[in-house]
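Observations on chain architecture
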Amino acid sequence: AQKITQTQPGMFVQEKEAVTLDCTYDTSDPSYGLFWYKQPSSGEMIFLIYQGSYDQQNATEGRYSLNFQKARKSANLVISASQLGDSAMYFCAMREGNGANSKLTFGKGITLSVRP
Amino acid sequence: EPEVTQTPSHQVTQMGQEVILRCVPISNHLYFYWYRQILGQKVEFLVSFYNNEISEKSEIFDDQFSVERPDGSNFTLKIRSTKLEDSAMYFCASSEAVDRASGQPQHFGDGTRLSIL
């Protein structure tokens, strides 16, 4: 089974509107972390936001928030007030394990296009 | 803000040649990683490195690959005899600490685009 599933096709959003990018995950480990990264067309990977499995509240970082529904194993990224510069590929990733065995497993990514 | 630095940004190499990709992790970070991303595909884990030794490696990381931390700052990925299918973007990442409860992210460099001819 896929560890991280991102099934949305390319997403489009009007500038200044909010958009939700879906991510579901699969793990039997009770302790894990979920991350979202942004990859613009220039190729770099930019860390956006983190949610720990034991966190009581949904993570927020500026215009980014994470809608964490543990029972449903979903960790959707919400971008508020979209900007043209938000157009990029967005990857959801999960970290399982501890110590040095802490690789990230990525989903296939979602392309977001912000329309002016 | 400190960042992970990768050089070169683009490397073009003939098939069968050796290539070394270089990375300078963030200075106080202890854990280092290499990932690759074939064009249009997802990011895949290659290897993690801690305390001067490999912690984990994926199936992709076969005998053609090696990593080294030759001094206190550089972290290198060597591909001994490149193949066409090695063409990809290679990302180096580092993290400060790994704690299941912590949100210490892996900070990625800008990547090296490797093209094998």
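Quick caveat: nothing in here was measured; it's all calculated off a predicted structure. Chains are numbered independently. Their residues run from 1 in the order of the written sequence. Key to labels: chains lettered from A, ligands numbered from 1, both in the order written. Local features are withheld for residues below a pLDDT of 70 in this predicted model, meaning they are given only at 70 or higher, and side-chain atom pairs are given and counted only at 80 or more; totals for whole chains, interfaces and linings count all residues. Where side-chain values are given, they derive from all heavy atoms of the structure, hydrogens and water being excluded.

Across residues other than glycine, the phi torsion is negative in most instances, and most of the peptide bonds are trans. Of note, the bond from T7 of chain B into P8 of chain B is cis; its omega dihedral lies within 30 degrees of zero at -10°. Secondary structure elements follow DSSP: runs of H or I no shorter than four residues count as helices, runs of E no shorter than two count as strands, and numbering proceeds from the N terminus. Along the polypeptide, P8 of chain B turns up in the loop between strand 1 (5-7) and strand 2 (10-13). Positive phi values are uncommon outside glycine, yet A81 of chain A reaches one of about 45°. Within the secondary structure, A81 of chain A sits in the loop between strand 9 (74-79) and strand 10 (88-95). Of note in the backbone geometry, N51 of chain B takes a positive phi value of approximately 55° without being a glycine. Relative to the assigned elements, N51 of chain B resides in the loop between strand 5 (44-50) and strand 6 (53-57). Each residue is assigned to one of three classes by its accessible area relative to the maximum for its type, calculated with a 1.4 Å probe on protein chains only: buried under 20%, partly exposed between the two thresholds, exposed over 50%. Accessibility expressed as a relative area gives 59% for N51 of chain B, which makes it exposed.

Let's shift gears to the confidence of the model for chain A. In the predicted model, chain A carries a mean pLDDT of 92, and the fraction of residues at 70 or more is 95%. Across chain A, the secondary-structure element scoring lowest on mean pLDDT is strand 6 (residues 46-52) of chain A, at 93, and the one scoring highest is strand 9 of chain A, at 98. Every residue gets a pLDDT, meaning the predictor's confidence in that residue, from 0 to 100.

Joining two cysteines, a disulfide is a covalent bond between their sulfur atoms. Cysteine sulfur atoms that come within 2.5 Å of each other are treated as a disulfide pair. In the structure shown here, the tally under the stated rule is 2 disulfides over all chains. With a sulfur-sulfur separation of 2.0 Å, C23 of chain A is cross-linked through a disulfide to C92 of chain A. Across the disulfide from C23 of chain A to C92 of chain A, rotation about the S-S bond amounts to roughly -65°, and the bridge is consequently left-handed. Note that C23 of chain A is positioned in the loop between strand 3 (19-21) and strand 4 (24-25) and C92 of chain A in strand 10, a separation of 69 residues in sequence. Relative accessible area serves as the criterion here: at 0%, C23 of chain A is assigned to the buried category. Note on C92 of chain A: relative accessible area 0%, which makes it buried. Here C23 of chain B pairs with C92 of chain B through a disulfide, and the sulfurs are 1.9 Å apart. With the S-S bond torsion at -65°, the cross-link from C23 of chain B to C92 of chain B turns out left-handed. With C23 of chain B in strand 3 (residues 19-24) and C92 of chain B in strand 9 (residues 88-95), this pair connects stretches of sequence that are 69 residues apart.

A word on the layout of surface pockets. Residues are called lining when one of their atoms sits within 4 Å of a cavity or pocket point, these points coming from a 1 Å grid over the protein atoms alone, where a cavity is a set in which a 1.4 Å probe fits but cannot get out and a pocket is an open set with protein on both sides within 12 Å along at least five of seven lines. Grid points are joined across faces, edges and corners, and a volume is the space filled by probe spheres set on the points. Its volume calculated, the largest pocket comes out at about 320 Å³. As for the largest pocket, its lining consists of 16 residues, and the residues nearest its centre are P2, E3, V4, F108 and D110 of chain B. If you list the elements that add at least two residues to the lining of the largest pocket, you get strand 6 of chain A together with strand 1 and strand 10 (107-108) of chain B. Throughout, the ten residues Ala, Val, Leu, Ile, Met, Phe, Trp, Tyr, Cys and Pro are labelled nonpolar, Asp, Glu, Lys and Arg are labelled charged, and all others, Gly among them, are labelled polar. The residue inventory of the lining of the largest pocket, partitioned by class, reads 7 nonpolar, 5 polar and 4 charged. Considered as a void within the structure, the second largest pocket measures approximately 250 Å³ in volume.

Next up on the list: the pairing of strand 6 of chain A. Residues and elements named next belong to chain A. Counting buried positions along strand 6 yields 5 of 7 residues, so the element is predominantly enclosed. At least two DSSP bridges between two strands are required for those strands to pair. With 6 bridges joining them, strand 5 (residues 33-39) and strand 6 adopt antiparallel strand pairing. Directly across from W36, in strand 6, lies its bridge partner I49.

Here the focus is the pattern of salt bridges. Salt bridge, as applied in this entry: a Lys or Arg side-chain nitrogen positioned within 4 Å of an Asp or Glu carboxyl oxygen. All chains considered together, the criterion is met by 5 salt bridges over all chains. Between D26 of chain A and K73 of chain A there is a salt bridge, with the nearest N and O atoms lying 3.9 Å from each other. Here the residue D26 of chain A occupies a position in the loop between strand 4 and strand 5, and K73 of chain A occupies one in the loop between strand 8 (64-69) and strand 9, the gap between them amounting to 47 residues. A relative accessible area of 33% places D26 of chain A in the partly exposed class. Residue classification places K73 of chain A among the partly exposed residues on the basis of a relative accessible area of 29%. R36 of chain B is paired through a salt bridge with E44 of chain B; the nearest N and O atoms lie 3.3 Å apart. Residue R36 of chain B is classed as buried on the basis of its relative accessible area, which comes to 10%.

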